[in-house]
Each structure stands twice: as C-alpha cells, then as structure tokens.
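Geometric and topological summary
Given next are the chains, with one letter for each unit.
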Amino acid sequence: MLYVKLLGSPQIERQGLSVAADTRKATALLAYLIVEGPTRRESLAALLWPESAESQARASLRRTLSALRAAMGDEVVSSDREQVHITEHVRADLMEFRDAIGQTRTHEHDAGDVCDACIIHLGRAVAAYRGDFMGGFSIRDAPEFEDWTRTTAESLRLEVGRAYERLATGLASQGDYRSAIEAVNSWLELDSLREPAYRQLMILCAWAGDGAGATEAYRRCVAALSRELGVDPLEETTELHEAILDDDLPPAPSLRKRVVARRSDDTYSAGDLIDRTKELGVLFRAVEEPESGKVIWVVGEAWLGKTRLLDELQLHAGRRAASIASARGYQAERDLPYGVVSQLLASLSAAHNWANIKANTPQWVLNEAGRLNPDLGKSEVQNDGLGETRLYDAVFRLITTGQNLVIVDDLQWADQSSLALLTYVLHRIGETSTLLVLAHRRDESTSLAPIIEASQSGRDQKLVLEPLVPADIAELAQNPEDLIARTGGIPALVTEALSSDEDAFSHGIRRFMDSRLAGLGGLSQQVLTTAAVLNGTCDFDLIRATSGRSEDEVVEAIETLIRRGVLQTTSDDRLEFAFANMESLVYDEISRVRRSLLHRRAASAIEQLPNAGSDGVIATTIAQHHREGGQIESAAEWFVMAGDLAGRVFASAEAINSYRAALALGGVDEARLHRAIGDSLLFLGRFSEARAEFQQAAALSDGPDRALAEHRIGEANRRLGRFDVAVAQFQLAQVDHPDHVTLFCDWALALLRLGDRTGAKEKAEHAAASAENGPTANRSRALTVLAIVSDDQGQSRSVLEEALELAEDDPALRMAALNALAYTYAQSDEGERAVASVNEALAIAAEIGDRHRQAALWNHLADLHHRSGRKTEAERSLTEAVKLFAEVEPGSWEPEVWLLSKW
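Rules and cut-offs
- Residues numbered from 1 in each chain as written.
- Predicted model: local features only at pLDDT ≥ 70, side-chain atom pairs only at ≥ 80, totals over all residues.
- Heavy atoms only, no water.
- Helix = DSSP H or I, 4+ residues; strand = E, 2+ residues; numbered from the N terminus.
- Buried < 20%, exposed > 50% of the residue type's maximum accessible area, 1.4 Å probe, protein only.
- Contact = heavy atoms within 4.5 Å.
- Areas by Shrake-Rupley, 256 points an atom, 1.4 Å probe, with all protein chains shown as cover.
- Core = buried A, V, L, I, M, F, W, Y, C linked by side-chain atoms within 4.5 Å.
- Expected span 1.5 Å × (residues − 1).
- Arc of directions from axis to C-beta.
- Polar contact = N/O pair within 3.5 Å; in protein donor to acceptor, adjacent residues only side chain to side chain.
- Pairing = 2+ DSSP bridges.
- Axes fitted to C-alpha atoms, helices over the stretch in contact; angles between N-to-C directions.
- pLDDT = per-residue confidence, 0-100.
- Phe/Tyr/Trp six-rings, centres within 6.5 Å; stacked < 30°, edge-to-face > 60°.
- Lys NZ or Arg CZ within 6 Å of the ring centre and 35° of its normal.
- Patch = residues over 30% accessible without salt bridge, like charges linked within 9 Å, V, L, I, M, F, W, Y side chains within 5 Å.
- Salt bridge = Lys/Arg side-chain N within 4 Å of Asp/Glu carboxyl O.
- Lys, Arg positive; Asp, Glu negative; His and termini not counted.
- Charge placed at Lys NZ, Arg CZ, Asp CG, Glu CD.

**With respect to the overall build of the protein chain**
Along the backbone of the protein chain there are 41 helices and 14 strands. Residues classed as buried in the protein chain amount to 54% of the 903 residues present. Relative to all contacts within the protein chain whose residues are 6 or more apart in sequence, the contacts with residues 24 or more apart total 66%. Surface exposure of the protein chain reaches about 39,900 Å², of which carbon and sulfur atoms provide 46%.

Below, the structure is given as structure tokens:
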C-alpha cells in the first residue's frame, strides 16, 4: 500500500520507507489525481507543462507516469488513451480526513447535528490535518497548478474550520468545555480573522465560568480585525461580549436526541409544485382569458415558492406562444439605477417575436430605451434635458405593446428608479391588454409602499402564499404532520424531503443549503465562490475571467453546479444561485484574502465590458468590486462616475448613494460631491437635507467654489420660504461668484418675496446687464426674472416672449418663461392662454422630473381654473399639487409660498 501525506509537506511512504519520486512533477501529478479523481490526459499535460507544445506535454506526461510506476509499483496508477487515475492501492491523509467527515453523515440525525459517534470521527478528521495542503511545495513553471494548490489548500482550511466548529459544539454538549476551547483555539490558528470562532470561544469560556477568558477572547478579536483589516467587530460580537459581562447567557447545550427520519413510499417529482393548483389556476386563466390591463401580485415570505410559481406561469404562457418580458430584483443591485428595467428590456430583445415588435415600434421609442439598453436602439440624445416622462413612456410602450405577460420577481429588491418607472406603468396599465405579475416578499415590503399604494384599483388581484399545512400533502406522505413539523411547511424543503435519497432532512434553511454544497470538488468550489462574488453580474465570460480557470474547466464546473441545483440560468443567459440565501452562505465562507482577490479580478474583467464608462449600472458594479477588493482609490473614482451617470438619466436617489459611497472612501473632491448631492436633493424636493450638504461644501472650499456653495445654500433657503436668510447667503456669495447672472436672478426673486420690489428690480437689471454679451441661456433667465419683478404688465409680456424665444430647447428656461407668461395672461383676463401656457410648462416639469416646480405649476393651474369658475378642474389640479407637495419637503407653510409666479 502506498501512503501519501499531502497535509503539510508532501511525503510518500511505502511499507514504512520513504520513496523519492524522480521529479517534482510526479508528486504534483499524484496529488492532483488523489484530489480530483480520474482526469483526461490533455488536461494533465496542459496543467503541468503549460509552456510546452501539446505533443511535448503529452510525452512529458508519459515519462512521468513511467517514473511513478518504476519508483512505486505498477499498481499505483492506471491509465488508458483517454484518462489517468490512481488505484485502490493508494491512500492519503486527505482521504482519511474526508472519510472521517463523511462518517458523520451516516448517523441517524440531521447533517448539521453532532452526536457522540460524530465527536470520535471529527477528532480523527482534525488529527489527520497536519498543515496546509502541499505546504512548501511548488512548481514554478506550472502557474495553473500553483493556483489549484492554493485554492485546494484554502478550501481544506475551511473544511477543517467547520470540523473544529462542529467538534467544539459536540464537546460542549457533553460538558467538556476545556477540550471544546482547545478545538476553537486550533480553529483560530488556521484563520485568525474568523469572527464566528471568536464568538464561539467567548461563549465557551463563559459557560466554563472563565469570564476573564471570555473577555480576553473578545480583545483578541478586536485586535486581530483592527490590525489586519482596519475594521471593528460585528455588532453581534460586541453584543455577545456585553451579554457575557451582564451574565445574560443562553443555557449551555446538551446533545440533541436522535431523530429518525422515515420516508414515505409515495413517489413525487421534484420539479412539480406542491399544492399550488389554486394559485396556478388564477395565473393560467389570466393568460388564457386576456382582458384589459391587469395586475396580479404574488406575495409571500422567503422560500414559499413564488419564483417556482412564476416559472410555471412562464412555461405555460410560452406553450401558448405568448409574448413575455421578465426580470428579477437582486439584493446586491438595489443601488444600480434601472437594473430591473434593464433586465425587462434585455428579455424583450431576446423574445421570439422581437423582430416583429421592433418593426412596429417608433424609432424614438427604441432610441429612448437604448439609453438603458444599447441593444435596442442608439440614443441620439446627449444631455439635452430630456426627462423622465419621455423615458418612462418609451419603456412603457415597449414592454406593453404586443406583450401578453410582464413578470417581475423579487420586487422587494428592485432599485428605486425601476420602482418609479413601474409605478408609471401601473398608472397606465388599463390602457393595455397586458398582464403584469409582480412578486415580492411579504416581510420585506416596506420599500414598496409607494408602488403598492399606486396599484390599489379594481384591476388588481393578490395571491398570498402561505406555508403548507398537513392537508396539503396528505396524499404525498404517510405522516404529513411530521413532515410539516420538520420542514416548517416551506414547499422547497417539503419537496426536497420527499424526493431526496438522504435519510435525514435538515430542520433549517442553512443546513439544507449545506447539504447542497457538500462534496463539491475543488474546481466547482472555486467557480462557485467566483459566482458568489460576481453576484448579479454573473455570466460565463466573467466567471472565466475572474476565476482564472480555462473555458473547458468553467463549463464543466457550471454544468456540475446546475445539475446539483446550486446554480441556474436566467432568461438573459446569466447565472444565479438557486436560492438567494445559498449565495450569502457561500460568500460568507470565502476567506477575506481570497474574497478581496476575486473582487479585484472581477473589477478588472468588468472594466473591459462595452459601455463600462457610460453605463451607470456597470460603473456602480465596478466601483463596488474595487471597494470590496481593497482598491479604495479606484473604487472612489468609479463611484463618482456612477453618480454622474445616474444623474444623467434622472436617477437622483442612486446618484446620491454613489456620491456618498465615494465620500466614505475618501480621496475625492469632497466639496464638489457635497454640491452634487445637494443638487440631487433639491431635485427631489428635500431642501433641508440639500442645505446641509451645501453647508458642508462651503466649509470644505474657498474662493469661487465656496461662493457657489453659499449661493446654493441661499437657493435651498429660498425654496424653504426663508427669504431673508436666502438674501444674506446671496450677499456672502457675491464677491467670488463666477456666475453673476444666476446669482442675481435668484437674489431678485428672494427680494421680491420680501416685498422689496425696488431691490428686486436692481438685482434683475444687474443680471440682465451681466448676461448681455453672454450665452442666450443666461439672457433668457435674466429677462424672465426681470419681467417677473416688473410692475409694468405690458412691458413684461414682450420681455417674456423674448425670453421664451432665447430659451430655445432648454427645458428649465422654457418652463419658467411659460409660467411667467401665464401670469401676465391671467392679469389681462386671457384665461385660456394662461391655462395653455401652464399646461405646456407642466409637461416640461414632468419630463425633467422636477417635483418642486411640478407641484407649484399644479397649484398655479388650480388658481387659474378657480378664477375662471371651473370648480371641478380647480379641485383636481389642487389635489395633484397637494400630492406632490407631500413628496417634497414636509412643513407647515402655506401653499401660497410655492406660486411659481413668484419665482
């Protein structure tokens, strides 16, 4: 029998004698075959002789195999023309370790539990581990083998860590706290940054009555995290420390009683849905019997089968040749602007009838949608102020025209921009024949309150999924009560219990996922950890680039993971975890060092994608990977870019998040970013918050930059109705301000609201004089304000008409001039012209998404209708104004403050 020591420095023994292989390549070959099993000849040749031609590499492999047989016996390695494998005559310490771990899964209890017999096997397992896999061994001319060695060693350290954790748990259950503490300390020797190990050590010391030891364990944790990572412990670690100090501990554990899991003799297809016939019937009828636009909400807590239900709906609709657009929210993409909408557009462009849809869609619609998905059309718009309404209308037309079914799953994780656009779709769904199905977790619906409120209509139907009860599976299991008790009634777990070959089934989701991930080979584990790091951007090319593995290896690993039910493909050919919690579990198990490495590789790979520098979603993703990879400077730069790109498509909330992320990382123009955040907050109508940002910008700058910040502080105060404070701010900004036209325009309007018409005229005339030889936009702005502060209505009208002409295509300037013109028309009893002007201005306000001015315009329109005796129209306009005022800045001021005639 040949015995190979791989854990620690590699050593080969035969009948107690050390055997030297002719080359280090022979040792490497033997180690690889022990870990990976039968392997194709071409893979081994490429792995160990990557710089040689294929024929030379295969010849080197033959010589190495011959040397192995000569030194260790012909029975050690078996091979044919296709592949090579070791025989049963070879044993290794790694095999002993995994055999011992495997024995713990043969007992009559759940996979995660520890019984008396488990403690013996776990002790054997950790005793077999004498050091890192292939410690001190390397082959410089085989980088892929070196990478495989590092990955395998890291994976084994994690396995050993889990073994120590389970061993400590079992020993503590027996009351042997001393041995349990030794096991956890051994775990920490493997990974001094494993925070769960410190928590386990703290509570073991506390149970053993060693309060000082528990405190020392906490101090070790704080020191290690601070020294190596520069971070504080998690809140739960600190809370545990405080609980120990307060002597507020859970009771010490005892061994769990064995639970014998008895399986039903009934057969069941794991792909079927369990007792969701009622919900399926509702969804199927909605597809088969189309009516005017309808919304169906599918609501339930995690793991209750929402996604599976929607999958069945898509299959059913697909068999009926229905046109389908679908998307899914991802938790890690909540800050990516229009992420869910982009998925809808991508699925649409991949639909079987896309050519027909495209041929019957106006080009402007395709171009607008192309701003979010370049595959649909090439936008010709370049920062011309094009607003949300036009973009929203284009997307609405695309996803409802000719679409029988639109599905959005996991809506609770949708980004705010997508939620806003979907709310717009909900308002107009009645104009279509589209069935819109929205699914979300009931326990995470707080962020969905606005869209849920917007959808309360007679067209809505809600399907609430509840956990299964024994009656639901009475025909599927001999003891349904026991099965429901063990699974909590979660359909996925019930299905697994009925169809699994294992004798025991886990009581919790984490243990269920552990059973899915157990036993994956090194290659599959590496690809799986890469997928967890890539998260929502996970596709084949990025996995290959990030993992560093070959194309064939990635394909093989992905096929294995899909067969195991760990990964699955999406409608747009991306890869995702079958269960969201599984992704978190895998990610948490990656060591901090490797996690950082993979994030850096991911950032580098995604930077090579088309439009990486012009797509806000991609820019945000790159920034996040740089941040997690420790590349702080690059992360900050990409977050700034992501904020700028988000702002261009009116995703103000996402822009703010990106700018704040950049600020948190440092190394950026802080004053500029605080001004940018403030401008976004002004756009959203959050004036007090905007003022605070401008205050920070002023404190961090000087000269012209400070003057700009002082001006913006004044503008925030003006919108809050604090006109005297605004005037004082404008005075501070005057000396170094680079744009006197804008400053004096705002100054004039504030003075007008204070009743100082003379001062207002003076500032407006100063603005007009400053704009005389400047850009037409400045001239338009100054003339509009000059007309507003004038008390000569006849002169004001001609000045405003000139201002409107000079405004050209600038939406904000046109909106201001139209509103002021409406005021002059009303004063001349030209009510219809006044209403028409305000309506045109309203369309612009909605287009650019300025909530503040949109609210004020509705208020102005209500006033015009009231003057003309149109009570119904006045009430409707006032209602719209009040709704928007509520979204802007909460306060107690009178709506009169907001009249745009007083801008």
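And the narrative resumes.
**A word on the nonpolar core**
By size, the foremost hydrophobic cluster in this structure holds 103 residues, and its most contacted members are Tyr338, Leu345, Leu398, Leu411, Ile543 and Phe577. The element that contributes the greatest number of residues to this core is helix 28 (residues 632–648), accounting for eight residues. Residues contacting phenylalanine 577, with those up to four places away along its chain left out, are Leu528, Ala531, Ala532, Val566, Leu567, Gln568, Met582, Glu583 and Val586. Residues Leu47, Leu94, Phe145 and Cys205 belong to the second largest nonpolar core, which totals 84 residues.

**Remarks on helix 9 (residues 211–229)**
Residue pairs three or four apart in sequence face the same way in an α-helix, which turns once every 3.6 residues. Spanning 19 residues, helix 9 covers 27 Å between terminal C-alpha atoms, matching the ideal 27 Å at 1.5 Å per step. For helix 9, the complete set of buried residues consists of Gly213, Ala214, Ala217, Tyr218, Cys221, Ala224 and Leu225. End-on view of helix 9: buried residues confined to an arc of 145°, all on one side of the axis. Relative to its buried face, helix 9 has exposed residues pointing more than 90 degrees away, namely Ala212 and Arg227. Measuring from the side-chain oxygen of the N-cap residue of helix 9 to the backbone nitrogen of glycine 213 gives 2.9 Å; that N-cap residue is aspartate 210. Positioned one or two residues after helix 9, glycine 230 has a phi angle of 70°, which is positive.

**Quick word on the sheet that holds strand 5 (residues 77–79)**
Judged by pairing direction, the sheet is antiparallel, and its three strands sit side by side in the order 4-6-5 without closing on themselves. Every other strand in the sheet has two partners, leaving strand 4 (39–40) and strand 5 as the edge strands with one partner each. As judged from the two bridges shared by strand 4 and strand 6 (residues 83–86), these two strands associate in the antiparallel manner. Each residue of the ladder has a partner; that of threonine 39, found in strand 6, is valine 84. Against the sheet, helix 3 (residues 54–72) engages strand 5 and strand 6, with an angle of about 140° to strand 5.

**Some remarks on the sheet that holds strand 10 (residues 405–409)**
Taken in spatial order, the five strands line up as 9-10-11-8-12 in an open sheet, and their pairing is parallel. A single partner strand is all that each edge strand has here, and the edge strands are strand 9 (324–328) and strand 12 (460–464). On average, adjacent strands in this sheet sit at an angle of 15° to one another, irrespective of strand direction. The pairing of strand 10 with strand 11 (residues 435–441) spans four bridges and is parallel. Bridge assignment links valine 406 to a residue of strand 11, and that residue is leucine 436. Where helix 13 (residues 339–349) meets the sheet, its contacts fall on strand 9 and strand 10, and the angle it forms with strand 9 comes to roughly 150°.

**Some points on the side chain of threonine 824**
Here threonine 824 shows up in helix 38 (residues 811–827). Its relative accessible area of 4% is what places threonine 824 among the buried residues. Threonine 824 has contacts with Gln793, Ser796, Arg797 and Leu800, leaving out every residue within four places of it along the chain.

**Observations concerning the confidence of the model for the protein chain**
Predicted confidence across the protein chain gives a mean pLDDT of 82, with 87% of residues reaching 70 or more. Segment residues 890–903 is flagged for pLDDT under 50; beyond a separation of four residues in sequence, or across chains, it makes 32 contacts in the model.

**Quick word on the packing of aromatic side chains**
What the rule picks out here adds up to seven aromatic pairs. Their ring planes at 80° and their centres at 6.4 Å tell us that phenylalanine 137 and phenylalanine 145 sit as a pair that is edge-to-face. Linked through ring pairs, Tyr32, Phe133, Phe137, Phe145 and Trp148 together constitute an aromatic cluster. Cation over ring: lysine 763 sits above tryptophan 747, and NZ or CZ is 4.0 Å from the ring centre.

**Looking at a negative patch on the surface**
Together, Asp541, Glu551, Asp552, Glu556 and Glu559 line one region of the surface with negative charge. Here the negative patch takes four residues from helix 24 (residues 551–563), the largest share from any one element. For aspartate 541, the position within the fold is in helix 23 (residues 540–547). Relative accessible area serves as the criterion here: at 48%, aspartate 541 is assigned to the partly exposed category.

**Comments concerning the pairing of strand 8 (residues 294–300)**
Counted residue by residue, strand 8 has seven buried out of seven residues, so it is predominantly covered. Burial of the side chains of strand 8 extends over both faces: Lys294, Ile296, Val298 and Gly300 are buried on one face and Val295, Trp297 and Val299 on the other. When strand 8 meets strand 12, the two strands line up parallel, connected through five bridges. Paired with isoleucine 296 across the strands is glutamine 461, a residue of strand 12.

**Some details on helix 32 (residues 703–719)**
Between its terminal C-alpha atoms helix 32 stretches 25 Å, which fits the 24 Å expected from 17 residues at 1.5 Å a residue. All of the buried residues in helix 32 are Ala707, Ala709, Glu710, His711, Ile713, Gly714, Glu715, Ala716, Asn717, Arg718 and Arg719. Check the buried side of helix 32 and you find it contacts helix 30 (670–683), helix 31 (687–699), helix 33 (723–733), helix 34 (740–753) and helix 40 (851–867). Glycine 721 sits one or two residues past helix 32 and shows a positive phi near 85°.

**Focus: unusual backbone geometry**
The phi dihedral of methionine 134 falls on the positive side, at around 55°, and the residue is not glycine. Structurally, methionine 134 is set in the loop between helix 5 (116–128) and helix 6 (143–173). You can call methionine 134 buried: its relative accessible area is 2%. Backbone geometry at tyrosine 338 places phi at a positive 60°, although glycine is not the residue there.

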